[in-house]
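Working through the structure, step by step
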Amino acid sequence: MKSPIILFALALMFLSSCSTPATKRAIASLEPPKAKKVEKNLEKFGDVRVDPYYWLNERDHADVLDYLKAENAYFDENFAPMKPLQETLFKEMVGRIEKKDQSVPDKMGDYFYYERFEEDSEHEIICRKKGSLDAEEEVLFDANEMAKGKDFFDMSSYAISSDHKVLAMAIDLVGRQKHNIYFLNLETKQFLGEPIYPTTSNMTWAEDGETLLYTTQNQETLRYDTVNSYNIKTKKKQKLYFEGDEEYFAHVGKSRSKKYLIIGSGSKESTEHLLVPAKKPLSTPILFQRRQPNHEYQIEHAGNFFYILSNKDGAKNFQLFRTKDEKHTGIKNWKIVVEHRPDVLIDDMSVYKNFVALDVRKNGLTEIEIINRKTSKISTLKTPEASHYIASQPASNYDSDWHRYRYESMTTPPTTFETHYKTEESKILKIKKVLGEFNTDDYVTKRMEFPSHDGTLIPASIVYKKGSLPADGSGAPTLVYGYGSYGASMEPYFSTNRLSLLNRGFVFAIAHIRGGKEMGRLWYEDGKYLKKKNTFLDFIAVAEGLEKQDLAQKGAIYAMGGSAGGLLMGAAINMRPDLFQGALAQVPFVDVLTTMLDDSLPLTTFEYQEWGNPNEKEFYDYIKSYSPYDNITRHCYPHMLVTTGYHDSQVQYWEPAKWVAKLRDLRNDQNLLLLHTDLASGHSGQAGRFQSLHELAREYAFLIYMQEHHSDKRACSN
């Protein structure tokens, strides 16, 4: 249920021919757990829903833990034949990674900061060099040391003080998005006092050398609602801002010019910003522009101007404005720099002393435009491939004449570039190495479009290894990934891990369905609220289209999605269970109606502007009509692997647990249905760079095993 956080899941198969009773017994080697039923009546608008598994939300209750552990034991027993394949896949994935790796250094003041990994380290080591990259390395913090002996460890963010003397680190030790902020003295390498807890990972240093601004959250709903300050010398905490509207999240940042701290508050359809002088962080905040309904804007500062991306006056794809200093920030003073373009979405901006870089999206593909601040000339960076992903990764140096960005495609490994804003000269800073046997020319990538139910053409990015498609046009096993929520765009990215599927003959496709912003803001709006079903039907249309184009093998189409993409999985297999051989749903948001009616749960009220408020009957009826948990029926479902984390704060563990329990009770098949609960992690799973690969290898193993051993069977009862 988390916005733009893009989680990966894998997909499996729905068997295509009827099986004998012996075949059915061979698929699952144990009787599956059977959750007890305790009927709970949920009534709204005179409509009564009976939920027999509502009791599973009683966190830490012995019966709940017993059930989750029973499901894990069932998973272990049935996964045992796949375990050797998981280990093989894990070794393949690790074998492609450059074990001793280092990020591109980022110049801040007199120092060059970077992260590196040792041969077998799970977590980063933060380092710096003073004056020159040839200088002696100074190790600031080795996260692996703090992670020792902990079931879960994630250093979500860190920040260097303006005088380069203190390192602040936001560390999650549970996986539930509740962080400790530690302060490390970089001269003595000793921690300063006790950590601040609980906080979020959102923080920034003021320019006074001693004040950190950070956000805290409501401990029940987990909404970011307060911006605080902490002085590392006086140890004094102070509340600077509180956001009282339950549909808004508060956050804090700093302008790239380092002149202002920016306190922001936003819902999914409206934003507001306040300014604080960075050298005087306890000053009274100055309102930039008051929030207005359906007006989203973001700001940056350069020289004597503020730059604003805004969708005011119906400019759905956003325009770029600028206005003079803090005395003229009201909307009436904004002057257009780049006008609204109906075919170009402005996603983001990076502001420098001499230029502005815009991340834009045209025809569903990303581009970067460079604007010379003095001449207003606009140039577009060249991209060598028709299907690609390019995104700004600006370095900290606001005075630089070079803009840093990342380029990749589904066949081209990520490459970090810098380009000069005036001469347009580009240079490569780093190419991500792929160890082992890999040649980009061995793979094919393409972009195709498929008509959805209403005639809208839905793009898909596709990759496969040459020789994978049979000459007879029967197609290959195909994994289709989708998300389609929160306006999050799924990019045609490169993955070394995906090679394990491609090298085994799979086609991989990303469905750019409505609910994301691949084709502009309207693409998002056409996949939310009372148009949400477009998301599901678009995904089905892509899967059907791949089969018609002889790319996907009939009876070997797999679906994959996580979080809100898990909702997509649940809805798609309810609508077309016959289309998919299998599905993998990772931390799936499948009990939409019950969750959205409970405003005591984390993030619920914030989500009203995504799904609609079911306390209004129109939205209640519509959400109920697609909510996966409420629409399970007695038909044959695909093989499924469902995963969750016990400490998940975005999608509570009980949603997938209830979903699986109800599927077991109602489905008309004996296909493999597995639930795995990680009792030590949250929404994003394990955080280490190798630990997470164990999870992915497990999912790939399930997919491949199903294809190899059950692709010609269907365990379906009449």
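Our subject is the structure listed above.
I will try to describe carefully the structure that is included in this document. From a predicted model like this one, the values you see are computed outputs, not experimental measurements.

Notes on helix α3 (residues 83-95)
For α3, spanning 13 residues, the distance from its first C-alpha to its last is 18 Å, which sits close to the expected 18 Å at 1.5 Å a residue. Leu85, Gln86, Leu89, Phe90, Met93 and Val94 are the residues of α3 that are buried. Summarising the axial view, the buried residues of α3 lie within an arc of 165°, below the 170-degree limit, and thus occupy one face. For α3, the exposed residues set more than 90 degrees away from the buried face come down to Pro84 and Lys91.

Observations concerning the sheet that holds strand β33 (residues 443-451)
Taken together, eight strands build an open sheet; the order of strands is β33-β34-β36-β35-β37-β38-β39-β40 and the sheet is mixed. For this open sheet the edge positions go to β33 and β40 (673-678), each flanked by a neighbour on one side alone. Within the sheet, the average angular offset between the axes of one strand and its neighbour, ignoring direction, is 20°. Where β33 and strand β34 (residues 457-465) come together, nine bridges link them in antiparallel fashion. Across the sheet, residue tyrosine 443 finds its bridge partner in β34, namely lysine 465. Running at roughly 120° to β40, helix α2 (residues 62-79) makes contact with β39 (639-645) and β40 of the sheet. The strands touched by helix α12 (residues 654-666) within the sheet are β38 (582-586), β39 and β40, with β40 carrying the most contacts at an inclination of about 160°.

What to know about the pattern of salt bridges
All chains considered together, the criterion is met by 39 salt bridges. A salt bridge links glutamate 145 to lysine 148, with the shortest nitrogen-to-oxygen separation between them at 3.2 Å. Between arginine 521 and glutamate 296 there is a salt bridge, with the nearest N and O atoms lying 2.9 Å from each other. Placement of the pair is arginine 521 in helix α6 (residues 521-525) and glutamate 296 in the loop between β20 (286-289) and β21 (297-302), with a sequence separation of 225 residues.

What to know about the packing of aromatic side chains
Under the criterion given, the structure shown has 30 aromatic pairs. Consider the rings of tyrosine 352 and phenylalanine 355, whose centres lie 4.1 Å apart with planes at 15°: the pair is stacked. As far as burial versus exposure is concerned, tyrosine 352 and phenylalanine 355 are alike and both buried. Ring plane angle 10° and centroid distance 5.3 Å describe the contact between tyrosine 405 and phenylalanine 417, whose orientation is recorded as stacked. Within this pair, whereas tyrosine 405 is found in strand β30 (residues 402-408), its partner phenylalanine 417 is found in strand β31 (residues 415-420), the two being separated by 12 residues in sequence. When sorted by exposure, tyrosine 405 lands in the same class as phenylalanine 417, which is buried. Grouped by ring-pair contacts, the aromatic residues Tyr260, Phe288, Tyr297, Phe306, Phe321 and Trp334 constitute a single cluster.

Re empty space enclosed by the protein
To locate leftover empty space, one rolls a probe as large as a water molecule over the atoms. One pass over the structure, following the stated rule, counts two cavities of 30 Å³ or more. Broken down by class, the residue content of the lining of the largest cavity amounts to one nonpolar, no polar and five charged.

Describing unusual backbone geometry
In this model, tyrosine 197 is joined to proline 198 through a cis peptide bond whose omega is -10°. Tracing the chain through its elements places proline 198 in strand β12 (residues 196-199). The phi dihedral of serine 563 is positive, around 60°, even though this residue is not glycine. When you line up the elements, serine 563 lands in the loop between β37 (552-562) and α8 (564-575). Residue classification places serine 563 among the buried positions, given a relative accessible area of 0%.

A few points about the packing of helix α7 (residues 533-548) against α8
To describe two helices that pack against each other, one gives the angle between their axes and the distance between the axes. For the pair α7 and α8, interaxial distance at closest approach is 9 Å and the crossing angle is 70°. Considering their axes alone, α7 and α8 lie roughly perpendicular with respect to each other. For the pair α7 and α8, the sense of crossing is right-handed. On the side of α7, the interface is formed by Thr535, Phe536, Leu537, Phe539 and Ile540, while α8 contributes Leu567, Leu568, Met569, Ala571, Ala572 and Met575. The class makeup of the residues in the contact of α7 with α8 is 10 nonpolar, one polar and no charged.

Notes on the packing of α2 against α12
Two numbers describe how α2 lies on α12: the axes approach to 12 Å, and their chain directions differ by 65°. In terms of axis orientation, α2 runs roughly perpendicular to α12. For α2 against α12, the interelement crossing comes out left-handed. Contacts from Tyr67, Leu68, Glu71 and Tyr74 of α2 reach α12 at Ala657, Val660, Ala661 and Arg664. Of the residues in the contact of α2 with α12, the class split is six nonpolar, no polar and two charged.

How each quantity is defined
Residues numbered from 1 in each chain as written. Predicted model: local features only at pLDDT ≥ 70, side-chain atom pairs only at ≥ 80, totals over all residues. Heavy atoms only, no water. Helix = DSSP H or I, 4+ residues; strand = E, 2+ residues; numbered from the N terminus. Expected span 1.5 Å × (residues − 1). Buried < 20%, exposed > 50% of the residue type's maximum accessible area, 1.4 Å probe, protein only. Arc of directions from axis to C-beta. Pairing = 2+ DSSP bridges. Axes fitted to C-alpha atoms, helices over the stretch in contact; angles between N-to-C directions. Contact = heavy atoms within 4.5 Å. Salt bridge = Lys/Arg side-chain N within 4 Å of Asp/Glu carboxyl O. Phe/Tyr/Trp six-rings, centres within 6.5 Å; stacked < 30°, edge-to-face > 60°. 1 Å grid on protein atoms, 1.4 Å probe; cavity = no way out; pocket = protein on both sides within 12 Å on 5 of 7 lines; lining within 4 Å. Points joined across faces, edges and corners; volume = space filled by probe spheres on them. Nonpolar A, V, L, I, M, F, W, Y, C, P; charged D, E, K, R; others polar. Parallel < 35°, antiparallel > 145°, perpendicular 65-115°, else oblique. Left-handed = near helix turned anticlockwise from the far one by under 90°.

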